[in-house]
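Here is how the chains run, residue by residue.
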Amino acid sequence: MNMIARQFLKWVIAFFVAVFSHFAYAQNAAADAEVKAAFDEAKKVMQAGPAEIKMIDQAVLKVPAGQIFIPMPQAGRIMRAMGNSSDPSLLGAIFPEDGNWMIVARYQKSGYIKDDDAKDWNADDLLKSLKEGTEEGNKERVQRGIPEMQLVGWAEKPNYEAATHRLVWSAITKDKQGSSDRQGVNYNTYALGREGYISMNLVTALNDLPQQKAIAKDLLGHLEFTDGKRYNDFNISTDKVAEYGLAALVAGVAAKKLGLFALIFAFFAKFAKLALVAVVGLGALIGKLFGRNKA
């Protein structure tokens, strides 16, 4: 087992031992065994950067040094172990060797998404719709025993680059019943293709966003659709057109996706009680076990 693999295993075990000790619904042998098994499987297949990752038949992602890619189905097992759903759109998860964030990559075969509405959208209207969708999603969270979420506002207003067909936006979230200092961020990046889109969503702490959003944008810039799958390869006579436009990736579809990260953020927020780093609180632990002690 190489050094990165050993450090990865040590980190995830320490991470989940700490987290699960603070969640009553996870304090049982079966849940503990599933978490350890999920990351043990991930350790066997993880790909450390620099590496070129094939994103099914759609694109190639160049993962830089210092980051680790967990493919499917192991990434899906991790998501389920963390209490989130794992749907067919999941492509994998990206972790740092030394840092306090994670990125979840997905591909949605929605069809070709027209981007005409990007030039006319209003950020305030989008935020209102996103808040309404988040409140609606809280009904499902309550049923699943997941803390309700509250959307605080924009960390970065939606920005679409028509030349590259890339969309970026970021919403500040918090536990609805928690204190205001426990704010997290879903930093969402999208690349549009001929048949759908790939999203890479960064989950981190609000205080860390100024530094870490550069990581997400860099990854987005290193994602390239393959020949025949690019946005400009669209054929109006043969290809499917999506039932929604670009604004729906912020105000509609995204409202449901925020729920996928609700429990992850709840995990992260608990680390504040362990006197680690920031809201996410993984920096010190990862630095000690995962990165800074490398040979």
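Rules used in this analysis
- Residues numbered from 1 in each chain as written.
- Predicted model: local features only at pLDDT ≥ 70, side-chain atom pairs only at ≥ 80, totals over all residues.
- Heavy atoms only, no water.
- Helix = DSSP H or I, 4+ residues; strand = E, 2+ residues; numbered from the N terminus.
- Buried < 20%, exposed > 50% of the residue type's maximum accessible area, 1.4 Å probe, protein only.
- Contact = heavy atoms within 4.5 Å.
- Areas by Shrake-Rupley, 256 points an atom, 1.4 Å probe, with all protein chains shown as cover.
- pLDDT = per-residue confidence, 0-100.
- Pairing = 2+ DSSP bridges.
- Axes fitted to C-alpha atoms, helices over the stretch in contact; angles between N-to-C directions.
- Core = buried A, V, L, I, M, F, W, Y, C linked by side-chain atoms within 4.5 Å.

Here the focus is the overall build of the protein chain. In terms of regular secondary structure, the protein chain is built from 9 helices and 11 strands. By residue count, 53% of the 295 residues in the protein chain fall in the buried class. Within the protein chain, contacts between residues at least 6 apart in sequence are counted, and of these 65% link residues at least 24 apart. By element, 52% of the accessible surface of the protein chain is carried by carbon and sulfur atoms, the whole surface being about 12,800 Å².

A word on the confidence of the model for the protein chain. On average, residues of the protein chain carry a pLDDT of 76, and 70% of them reach 70 or more. Note that pLDDT drops below 50 for residues 13–27; the model gives that stretch 30 contacts with residues more than four away or on any other chain.

Pairing in this open sheet of 3 strands is antiparallel, and the strands run 2-3-11 from one edge to the other. Every other strand in the sheet has two partners, leaving strand 2 (51–55) and strand 11 (223–225) as the edge strands with one partner each. Going from strand to strand, the sheet's axes swing by 20° on average, the running direction of each strand aside. Across 3 bridges, strand 3 (residues 59–63) lies against strand 11 in antiparallel orientation. Residue pairing for strand 11: Val60 is matched across the bridge by Glu224. Contacts from helix 5 (residues 209–221) reach strand 3 and strand 11 within the one sheet, and its direction differs from that of strand 11 by about 25°.

Glancing now at the nonpolar core. In terms of nonpolar packing, the biggest core is built from 26 residues, with Met55, Leu61, Ile198, Met200 and Leu223 touching the most fellow members. Judged by nonpolar contacts, the second largest core, of 23 residues, contains Leu151, Trp154, Tyr197 and Ala251.

Turning our eyes to something else, we now look at the environment of Glu195. With respect to the secondary-structure elements, Glu195 resides in the loop between strand 9 (183–192) and strand 10 (197–205). According to the relative accessible area criterion, Glu195 is partly exposed, its value standing at 22%. Sequence separation of Glu195 and Ala242 is 47 residues, and the distance between their C-alpha atoms is 8.6 Å. Contact partners of Glu195, with chain neighbours within four places excluded, come to Gln58, Tyr107, Gln108, Lys109, Ser110, Gly111, Tyr112 and Lys229.

Quick look at the side chain of Gln212 now. Residue position: Gln212 is located in helix 5. Leaving out residues up to four positions away in the same chain, Gln212 has contacts with Asn100, Trp101, Leu202 and Thr204.

Now for unusual backbone geometry. That bond from Gly49 to Pro50 is cis: its omega, 5°, falls within 30 degrees of zero. Note that Pro50 resides in the loop between strand 1 (47–48) and strand 2. The linkage connecting Met72 with the following residue, Pro73, adopts the cis geometry, with an omega of 5°. Tracing the sequence through the fold places Pro73 in the loop between strand 4 (67–71) and helix 3 (74–81). The backbone phi angle of Ile56 is positive, close to 45°, even though this residue is not glycine. Note that Ile56 resides in the loop between strand 2 and strand 3. Here His165, not a glycine, exhibits a phi torsion of approximately 60°, which is positive. Of note, His165 is situated in the loop between strand 7 (149–161) and strand 8 (166–175). When its relative accessible area of 11% is taken as the criterion, His165 is described as buried.

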